[in-house]
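This is what each chain is made of:
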Amino acid sequence: MFGDYDKYIAVFLTALVVTYLLTPLVRALACRFGIVDLPGERRSHKHPTPRGGGLAVVLGVYAACLLALAFPAGTRSGGFDLHWWLSFLPASLILLTVGLVDDIRGLGAWKKLAGQVVAALWICLSGTHFGRLFGHELPPLLDDIMVVFWIVAVVNAYNLIDGLDGLASGLAIISATGLCGILVLGNLPGVVLVLVALIGGCLAFLRYNFHPATIFLGD
């Protein structure tokens, strides 16, 4: 099932190249419109640094996922298909919109949280569940609450570490690589395509985000 590596290489390179080319453009636009992260006690940088680079990563991942969908259905076995994409796309667009608005003009904590919860609920209602925990079947309502809580917690965990050069994008690469290993062992090669796209996008962004960072992911 993993014998055809061409699609994984193509997906990786697409995310890598698109993100690599778009990041300088996003950086220039952020500088032009004053979308910058100012130095502070929680920040290691000494000068105002553009933020919003996550837009380039997201677009790179989107492009790679669309390429993955172009492969014959048999190469996407294990979870990644049009249904998965239509579940993922609206939720990620909600998070992207909330993050961009917060980067550009600022949002209150509760408004950001509300947007994150809506995105997590979309994923949940699309069929993502824990199912069982420690061998016990979870009640549907508790399962839904746990999925929403988990997604919102991870989103905010990455937001909190974005102020240090290369940290958020580096950890995303490490996490995605580890998840790839788990999915390979679980015989879910389809979903690996999405993680390969994320690795490619974050690796390209790391070129600009590594110390001294010239752009941050932003919210």
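The structure this text deals with has already been given above.
On a predicted model such as this, the values are computed, not experimentally measured, just so you know.

Parameters at a glance
- Residues numbered from 1 in each chain as written.
- Predicted model: local features only at pLDDT ≥ 70, side-chain atom pairs only at ≥ 80, totals over all residues.
- Heavy atoms only, no water.
- Phe/Tyr/Trp six-rings, centres within 6.5 Å; stacked < 30°, edge-to-face > 60°.
- Helix = DSSP H or I, 4+ residues; strand = E, 2+ residues; numbered from the N terminus.
- Lys NZ or Arg CZ within 6 Å of the ring centre and 35° of its normal.
- Patch = residues over 30% accessible without salt bridge, like charges linked within 9 Å, V, L, I, M, F, W, Y side chains within 5 Å.
- Areas by Shrake-Rupley, 256 points an atom, 1.4 Å probe, with all protein chains shown as cover.
- Salt bridge = Lys/Arg side-chain N within 4 Å of Asp/Glu carboxyl O.
- Buried < 20%, exposed > 50% of the residue type's maximum accessible area, 1.4 Å probe, protein only.
- Axes fitted to C-alpha atoms, helices over the stretch in contact; angles between N-to-C directions.
- Parallel < 35°, antiparallel > 145°, perpendicular 65-115°, else oblique.
- Left-handed = near helix turned anticlockwise from the far one by under 90°.
- Contact = heavy atoms within 4.5 Å.
- Nonpolar A, V, L, I, M, F, W, Y, C, P; charged D, E, K, R; others polar.

A.B. asks: What am I meant to see in the packing of aromatic side chains here?
C.D. replies: Taken as a whole, this structure holds five aromatic pairs when the rule is applied. When the centroid spacing of 6.0 Å and the interplanar angle of 40 degrees are considered together, the rings of Trp85 and Phe88 count as tilted. Taken as a pair, Trp85 and Phe88 lie in helix α3 (residues 82-104) at a separation of three residues, close to a single helical turn. Members of the aromatic cluster, each reached through a chain of ring pairs, are Tyr62, Trp84, Trp85 and Phe88. Over the ring of Tyr208 we find Arg207, and its NZ or CZ is 5.1 Å from the ring centre.

A.B. asks: Hey, could you run me through a nonpolar patch on the surface in this one?
C.D. replies: Side chains of Tyr5, Ile9 and Leu13 sit close together on the surface and give an oily, nonpolar patch of about 310 Å² of accessible area. Tracing the backbone shows Leu13 in helix α1 (residues 6-32). A relative accessible area of 40% means that Leu13 is categorised as partly exposed.

A.B. asks: Just checking my understanding: could you explain the packing of α1 against helix α2 (residues 54-70) for this structure?
C.D. replies: To characterise two packed helices, one gives the angle between the axes of the helices and the distance between these axes. Packing of α1 against α2 brings their axes to within 7 Å, and their N-to-C directions diverge by 150 degrees. In terms of axis orientation, α1 runs roughly antiparallel to α2. Between α1 and α2 lies a crossing whose hand is right-handed. Of the residues in α2, those in contact with Ala10, Val11, Thr14, Ala15, Val18, Thr19, Leu22, Thr23 and Val26 of α1 are Leu55, Ala56, Val57, Leu59, Gly60, Ala63, Ala64, Leu67 and Ala68. Here the residues of the contact of α1 with α2 sort into 14 nonpolar, four polar and no charged.

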